[in-house]
Amino acid sequence: MDTGERLQKTLARAGYGSRRACELLIDAGRVTIDGRVAGLGNRVDPEISEIRVDGLLAPTAPNLVYFLLNKPAGVVTTADDPQGRATVLTLVNTSVRIFPVGRLDMNTEGLLLLTNDGRLAHLITHPSSHVSKEYLVRVVGDPSPGSIRKLREGVELDDGVTSPAQVSRVSEGVLRIVIHEGRNRQVRRMCAAIGHEVIRLVRTRIGPISDATLAPGQARQLSLGEVRKLMEAVGVARDDNSTIQS
Ligand code: URA
């Protein structure tokens, strides 16, 4: 393509470093445009060209937005609540029609992604995506090492045994739990299964995305580097048509 934007400019905007760093990526043969290895001097249309780096799709489409919200308790995750309760959308200042990626229970706090990128949202929430989610959990009582081991190995819930989880005791009655599944009320049900009701539940990380400085109720746009890491985490991979199907 003779017209369009220089590939290194598009890549730099998509979070791959300086234009010079992007030229080096191109020169090393690590970038493809619509399936063909790119060369220095190539131009692209970021709206339509499929650009990949090391086989992974690059987030170059310009009209997609990605927000990270620190959801406070008492706000519902749905885009539209028939009962008229406050929704997470009221906390994000944008005129773009976005939607939450997955959901947190009304009383769960912490990180929630919102976007208009249906494809990435689907990939993150799909059961086979394996994007890890980390929670800080305060429970009634203080789980014993045996109970914590059960959480790690998998507990029986009414929709089946949970997959292995990373679980550590932070302090008395406080656990850090990392799961890769996204079942409804999963952490609350896992803790109930070992006899410890959840008092407070906060999501502190979604895959590579965390932000301890984001105050409850605040939202910010993800940096392009963060979007790229997220895409890598969901494995928007060599042949993404074959990785995850709905
Ligand atoms: N697990 C839960 O129980 N609730 C959430 O909101 C998220 C994970």
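The model shown is predicted, which means the values in this text are computed figures rather than measured ones.

Cut-offs used in this document
Residues numbered from 1 in each chain as written. Predicted model: local features only at pLDDT ≥ 70, side-chain atom pairs only at ≥ 80, totals over all residues. Heavy atoms only, no water. Domains from an automatic or database assignment. Buried < 20%, exposed > 50% of the residue type's maximum accessible area, 1.4 Å probe, protein only. Helix = DSSP H or I, 4+ residues; strand = E, 2+ residues; numbered from the N terminus. Pairing = 2+ DSSP bridges.

I tried to follow the domain arrangement of the protein chain on my own but got confused; where do I start?
One frequent convention defines the size of an interface as the accessible area lost when the parts assemble. Considered domain by domain, the protein chain is made up of domain 1 (5-57), domain 2 (66-128 + 209-238) and domain 3 (132-206). Centre-to-centre, using C-alpha coordinates, domain 1 lies 42 Å away from domain 3.

Any chance you could explain the pairing of strand 9 (residues 109-115) here in plain terms?
The side chains of a regular strand alternate, first on one face of the sheet and then on the other. In terms of residue burial, strand 9 counts as a mostly covered element, since seven of its seven residues are buried. Of the pairings in the sheet, the one linking strand 7 (residues 66-71) to strand 9 comprises six bridges and is antiparallel in character. Looking across to strand 9, one finds that Leu 68 is bridged to Leu 113. Bridge count between strand 8 (residues 99-100) and strand 9: two bridges; the pairing is antiparallel. The residue of strand 9 that forms the bridge with Pro 100 is Leu 114. Two strands pair when backbone bridges link them, and strand 9 and strand 15 (residues 198-206) are joined in this way by two bridges, in the parallel orientation. In the strand pairing of strand 15, Gly 110 is matched with Arg 203.

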